[in-house]
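# Survey of secondary and tertiary structure
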Amino acid sequence: NAGVTQTPKFQVLKTGQSMTLQCAQDMNHEYMSWYRQDPGMGLRLIHYSVGAGITDQGEVPNGYNVSRSTTEDFPLRLLSAAPSQTSVYFCASSYGQISEAFFGQGTRLTVV
Amino acid sequence: GQQLNQSPQSMFIQEGEDVSMNCTSSSIFNTWLWYKQDPGEGPVLLIALYKAGELTSNGRLTAQFGITRKDSFLNISASIPSDVGIYFCAGRSGGSYIPTFGRGTSLIVHP
């Protein structure tokens with residue numbers, strides 16, 4: 001079972017560049033979300049989706065876009081990377097509203 | 001927004017010692033979750049709690065859902081080197097799918 005797969009695992013960007021972090025799950029989960037993890041800050045929610053075609057903002061959405069065209073995929077787009085977006089990004093999915101989240105292995109992003 | 005205070009921030013202990021960590025919230029939660037993150041990996045769920053007063057064990061781990069619904073505790077007994085990692089609490093309120101995460105407790109176990 002693949003679970004939640006994130007690509008790439010590591011990425012270095014220059015300020016102003018754009019890129020998409022990929023997230024795919026093979027568990028037919030309705031709910032998917034993106035978090036960023038910074039030292040001492042825990043996990044902060046960026047965007048989430050409760051189903052295909054439905055997305056909403058989390059705690060720290062600025063500078064990021066998402067879309068959910070299929071149940072399986074939930075990409076996170078950085079429109080114009082900034083050094084403040086240097087972080088580890090985690091994608092998570094869960095089956096229902098009260099079921100628990102499964103996390104991917106993370107993407108470590110550095111913006112120089 | 002909701003605030004979760006997780007303490008301690010870090011712990012350095014000897015193998016074999018017991019460990020306690022806790023989370024407190026400014027608001028009531030209906031669900032408390034405890035996750036562990038190994039270095040370089042994503043968080044993995046350890047224990048989920050759904051009822052005030054609930055006490056649940058998973059091997060050497062025991063977690064409790066506080067009776068006020070504003071706190072939760074995680075205990076690890078007889079720690080071993082593979083317990084090293086960051087432990088996160090998370091709380092969920094009402095019908096919300098979205099959990100609020102604490103800032104984590106970093107655990108280091110010396111052999």
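For the structure given in this document, a descriptive report is provided here. The numbering scheme is per chain: residues are counted from 1 as the chain's sequence reads. Each chain is given a letter, starting from A, and each ligand a number, starting from 1, according to the order in which they appear as written. A pLDDT threshold of at least 70 governs which residues receive local features in this predicted model, and a stricter bar of 80 or more applies before side-chain atom pairs are shown or counted, although totals over entire chains, interfaces and linings include all residues. Processing note: side-chain calculations cover all non-hydrogen atoms of the structure and skip hydrogens and water entirely.

## With respect to the overall build of chain A
Secondary structure elements are defined from DSSP: runs of H or I of at least 4 residues count as helices, runs of E of at least 2 residues count as strands, and each element is numbered from the N terminus. In terms of regular secondary structure, chain A is built from zero helices and 11 strands. Along the chain direction, N to C, the helices and strands of chain A fall in the order β-β-β-β-β-β-β-β-β-β-β. The quantity called the radius of gyration is restricted to C-alpha atoms. Its globule counterpart is 2.2 Å times the number of residues to the power 0.38. For 112 residues, the compact-globule estimate of 2.2 N^0.38 gives 13 Å, and chain A sits close to it at 13 Å. When the backbone C-alpha atoms are referred to their principal axes, chain A occupies close to 40 × 25 × 25 Å. Residue burial is assigned from relative accessible area. The probe radius is 1.4 Å, only protein chains are included, and a residue is buried under 20% of its type maximum, exposed over 50%, and partly exposed in between. The proportion of buried residues among the 112 residues of chain A is 48%. Across chain A, every contact between residues at least 6 apart in sequence was considered, and the portion connecting residues at least 24 apart equals 53%. Areas reported as accessible are Shrake-Rupley estimates using a 1.4 Å probe. Residue values count occlusion only from the protein chains shown. Carbon and sulfur atoms make up 52% of the accessible area of chain A, which amounts to about 5,300 Å² in all. Contacts are assigned to residue pairs with any non-hydrogen atoms lying within 4.5 Å of each other.

## Describing the interface of chain B and chain A
With 21 residues of chain B at the interface, the matching set in chain A holds 22 residues. Here chain B meets chain A over a buried area of about 1,700 Å², counting both sides, of which 54% is carbon and sulfur. Counting the surface chain B buries against chain A, the share from its top three residues, B:Tyr97, B:Phe101 and B:Arg103, is 36%. Salt bridges are defined by distance alone: a side-chain nitrogen of Lys or Arg within 4 Å of a carboxyl oxygen of Asp or Glu. Put simply, chain B and chain A have zero salt bridges between them. Two N or O atoms form a polar contact when they lie within 3.5 Å of each other; inside protein one atom must be a possible hydrogen donor and the other a possible acceptor, and for residues adjacent in sequence the pair counts only when both atoms belong to side chains. At the boundary of chain B with chain A, the tally comes to three residue pairs in polar contact (both at pLDDT 80 or more). Two parts placed together each lose some accessible area under a 1.4 Å probe, and adding up what both lose gives the buried area.

## Let's talk about the nonpolar core
In this description, a nonpolar core means a group of buried Ala, Val, Leu, Ile, Met, Phe, Trp, Tyr and Cys residues linked to one another through side-chain atoms lying within 4.5 Å. Ranked by size, the top nonpolar core spans 21 residues in total, and within it B:Trp32, B:Trp34, B:Leu74 and B:Leu107 carry the most contacts. Looking at this core, the elements with two or more residues in it are β2 (10–14), β3 (19–25), β4 (31–37), β5 (44–49), β7 (61–65), β8 (71–76), β9 (85–92) and β11 (105–110) of chain B. A:Trp34, A:Leu78, A:Tyr89 and A:Val111 belong to the second largest nonpolar core, which has 19 residues in total.

## Section: the pairing of β11(B)
Residue and element names in this part refer to chain B. What you see with β11 is a clean split: Thr105, Leu107 and Val109 sit on the buried side and Ser106, Ile108 and His110 on the side with no burial. In this description, strands pair whenever DSSP reports at least two bridges between them. Here β2 runs beside β11; their pairing, made up of five bridges, is parallel. Of the residues in β11, the one forming a bridge with isoleucine 13 is valine 109. Relative to β11, β9 runs antiparallel, the two being bridged by three bridges. From the neighbouring strand, glycine 85 faces β11, where its bridge partner is leucine 107.

## Some points on unusual backbone geometry
Omega for the bond connecting A:Thr7 with A:Pro8 falls within 30 degrees of zero, at -10°, which places this linkage in the cis form. Residue position: A:Pro8 is located in the loop between β1 (4–7) and β2 (10–13). Of the consecutive residues B:Ser7 and B:Pro8, the connecting peptide bond is found in the cis state with omega at -5°. Secondary-structure assignment places B:Pro8 in the loop between β1 (4–7) and β2. Located in the positive-phi region is A:Asn28, a residue other than glycine, with phi close to 60°. Inspection of the secondary structure assignment puts A:Asn28 in the loop between β3 (19–25) and β4 (31–38). Take A:Asn28: its relative accessible area is 53%, and that puts it in the exposed class. Even without being glycine, B:Ala78 reaches a positive phi, approximately 45°. When you line up the elements, B:Ala78 lands in the loop between β8 and β9.

## Points about the side chain of A:Ser33
Topologically, A:Ser33 is positioned in strand β4. The residues contacting A:Ser33, other than those within four sequence positions of it, are A:Leu45, A:His47, A:Tyr48, A:Phe74, A:Phe90, A:Cys91, A:Ala92 and B:Tyr97.

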